[in-house]
Amino acid sequence: MAEILKTLIRQTDLVAVTFRRTLTPVEGPQTPIFPATYPAPERGQHRFDTPYTINQTKDGTRVADIDSVQSQANRMESAFSAGPLSELVPQHTVKAGRREVRLTDLPHRIADAAIRATELGEPIRRAMLAYANGDPVPLARLAPTSLIYGAWDSRDTHVKIPRVVRSEIRAFDCSVFTRSAQFSGSFEREDLGLTDTEWKKGADAGFAPTPSVNAHGGVLVHGEIVHTASILLAALRRYADRDDDLLARYLLGLALAGLLRAADDYNLRAGCWLVPSGRALWQTVTANGERADLSLDAQALFAALVGVADAWANAAGVAIGGAPQSHVYDAKIGKRMVSKNREDA
């Protein structure tokens, strides 16, 4: 498997590795599932009068986003916060109040405001500027997963790191459902000694009957639910040079491992637990569009990745795995960041 990492990076006619798998609800195909919900825009309303992200093709087919690219990136990166994969990357946490959160769990990764408001803020700034000048190593020493899943320092250096992994789950040919419910208490107004006025207000306290009508009820999928993903090999090669492609191979291994981990767990949210309904199809894609099946063994990949990760860590002089380095949030820095953001607005 170590040879596959070398081949994928060094065979320059290959531009991507792709993944495709069909899914079905754990309860069965005729069960509505619940996509992620989003608040309505300040002006206007949701398309199709639903809080889900649903688009419509030319022939009228409705396609629902079940798990977005951003959500998938966060799920994959969280795999490096605990378990075997956590031993393959540097570990950092941010401590604020009584909470302590791993860097790999922060939504904006290395560009997240919380970690920039610690003593690590200046090293992060220098690493971002080094990346902009063509040197990704300082950033890789801090947060290699940010080079995979992307980051945007939109409030300071304005450096944007494009993601090299794109993963999403969509459902094709959907009907939008609603649902209604009725709460009825166990006691009547007279039993509880409430007046008519008090009884009318009793719903807030959990006494009076409370209807919920035409609430969002998920989508029923008539077509396929498909998990698709791609790893852009051409983008990873930016982190290699003629004499040394170790960092590129390391990042590729992390990207594959994160995607394999995401494909192991499709319990996305309440009402949306999916399971595979077909085999995983891995393929390589060349610059002229030719595709070839790719065989991946998760255990062999992990074993190879351990070796590549250790080699890269030794070469870069950085510790991976083990107890995380804890960085304490500085409220003074946070307040300065807020004040600067207001001035720039």
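Residues numbered from 1 in each chain as written. Predicted model: local features only at pLDDT ≥ 70, side-chain atom pairs only at ≥ 80, totals over all residues. Heavy atoms only, no water.

Peer 1: Tell me about a nonpolar patch on the surface, and please be specific about residues and values.
Peer 2: The grouping of Phe-187, Leu-192 and Phe-207 at the surface amounts to a nonpolar patch, some 270 Å² of accessible area in total. With respect to the helices and strands, Phe-207 occurs in the loop between helix 9 (202–205) and strand 10 (210–221). (Patch = residues over 30% accessible without salt bridge, like charges linked within 9 Å, V, L, I, M, F, W, Y side chains within 5 Å. Areas by Shrake-Rupley, 256 points an atom, 1.4 Å probe, with all protein chains shown as cover. Salt bridge = Lys/Arg side-chain N within 4 Å of Asp/Glu carboxyl O. Helix = DSSP H or I, 4+ residues; strand = E, 2+ residues; numbered from the N terminus.)

Peer 1: Please give an account of helix 1 (residues 2–10) that cites residues and values.
Peer 2: By the burial criterion, the buried members of helix 1 are Leu-5, Leu-8 and Ile-9. Buried residues of helix 1, viewed axially, fall in a sector of 95°; they line one side. In this structure, the buried residues of helix 1 make contact with strand 1 (14–25), helix 10 (233–236), helix 11 (246–262), strand 14 (281–286) and helix 12 (298–316). (Buried < 20%, exposed > 50% of the residue type's maximum accessible area, 1.4 Å probe, protein only. Arc of directions from axis to C-beta. Contact = heavy atoms within 4.5 Å.)

Peer 1: How would you summarise empty space enclosed by the protein if you had to cite specific residues and measurements?
Peer 2: Tallied over the full model, the rule gives one cavity of 30 Å³ or more. For the largest cavity, the calculated volume is near 30 Å³. In terms of lining residues, the largest cavity is bounded by Val-89, Pro-90, Leu-103, Thr-104, Leu-142, Ala-143, Pro-144 and Thr-145. Residue composition of the lining of the largest cavity, grouped by class: six nonpolar, two polar and no charged. (1 Å grid on protein atoms, 1.4 Å probe; cavity = no way out; pocket = protein on both sides within 12 Å on 5 of 7 lines; lining within 4 Å. Points joined across faces, edges and corners; volume = space filled by probe spheres on them. Nonpolar A, V, L, I, M, F, W, Y, C, P; charged D, E, K, R; others polar.)

Peer 1: An account of the sheet that holds strand 16 (residues 325–328) is needed here, citing residue identities and associated values.
Peer 2: In a beta sheet, neighbouring strands pair by backbone hydrogen bonds and run either parallel or antiparallel. Read across the open sheet, the three strands follow the order 5-4-16; overall the sheet is mixed. The open sheet has two free edges, formed respectively by strand 5 (99–102) and strand 16, since each of these has just one partner strand. Across this sheet, the average inter-strand angle for adjacent strands is 30°, counted without regard to direction. In this structure, strand 4 (residues 92–96) lies alongside strand 5, joined through four bridges in antiparallel fashion. Each bridged residue has a counterpart across the sheet, and for Ala-96 the counterpart in strand 5 is Arg-99. (Pairing = 2+ DSSP bridges. Axes fitted to C-alpha atoms, helices over the stretch in contact; angles between N-to-C directions.)

Peer 1: I'd like to hear about the side chain of Gln-283, residue by residue, with values.
Peer 2: Inspection of the secondary structure puts Gln-283 in strand 14. Within polar-contact distance, the side chain of Gln-283 engages the side chain of Asp-293 at 3.1 Å. Dropping the residues within four chain positions of it, Gln-283 is found in contact with Ala-16, Val-17, Thr-18, Arg-291, Ala-292, Asp-293 and Leu-294. (Polar contact = N/O pair within 3.5 Å; in protein donor to acceptor, adjacent residues only side chain to side chain.)

Peer 1: An account of helix 2 (residues 69–78) is needed here, citing residue identities and associated values.
Peer 2: For helix 2, the set of buried residues is Val-69, Gln-72, Ala-73, Met-76 and Glu-77. Taken down its axis, helix 2 places every buried residue within 130° of arc, on the same side.

Peer 1: If you had to explain the packing of helix 11 against helix 12 to someone new, which residues and values would you point to?
Peer 2: Running from N to C, helix 11 and helix 12 point in directions that differ by 145°, and their axes come no closer than 9 Å. Seen along the crossing, helix 11 lies across helix 12 with a hand that is left-handed. Two secondary-structure elements touch here, helix 11 through Leu-246, Leu-247, Arg-249, Tyr-250, Gly-253, Leu-254, Leu-256, Ala-257 and Leu-260 and helix 12 through Ala-298, Leu-301, Leu-305, Val-308, Ala-309, Ala-311, Trp-312 and Ala-315. (Left-handed = near helix turned anticlockwise from the far one by under 90°.)

Peer 1: Give a description of the state of the cysteines that names residues and reports values.
Peer 2: Evaluated as defined, the whole model comprises zero disulfides. In this structure Cys-174 is a free cysteine whose sulfur lies 11 Å from that of Cys-272, the closest cysteine sulfur available. You can call Cys-272 buried: its relative accessible area is 0%. (Disulfide = S-S within 2.5 Å.)

Peer 1: Report on unusual backbone geometry, specifying residues and quantitative values.
Peer 2: The residue Arg-109 is not glycine, and still its phi comes out positive at about 55°. With respect to the element layout, Arg-109 can be found in the loop between strand 5 and helix 3 (113–116).

Peer 1: Provide a residue-level description of the pattern of salt bridges, including the pertinent values.
Peer 2: Counted according to the given criterion, the structure contains 15 salt bridges. Here Asp-67 makes a salt bridge to Arg-75, at a shortest N to O gap of 2.7 Å. Residue class for Asp-67 comes out buried when judged on its relative accessible area of 2%. Residue classification places Arg-75 among the partly exposed residues on the basis of a relative accessible area of 31%. Here Asp-153 and Arg-116 are joined by a salt bridge, their closest N and O atoms 3.9 Å apart. A residue pair is termed long-range when its members are at least 10 positions apart, and Asp-153 in the loop between strand 6 (151–152) and strand 7 (160–161) and Arg-116 in helix 3 qualify at 37 residues. Each member of the pair, Asp-153 as well as Arg-116, carries the same accessibility label: buried. Each of the salt bridges in this network shares a partner with another, and the network as a whole consists of Asp-65, Arg-166, Glu-168 and Arg-170.

That's the geometry; what it means functionally is another story.
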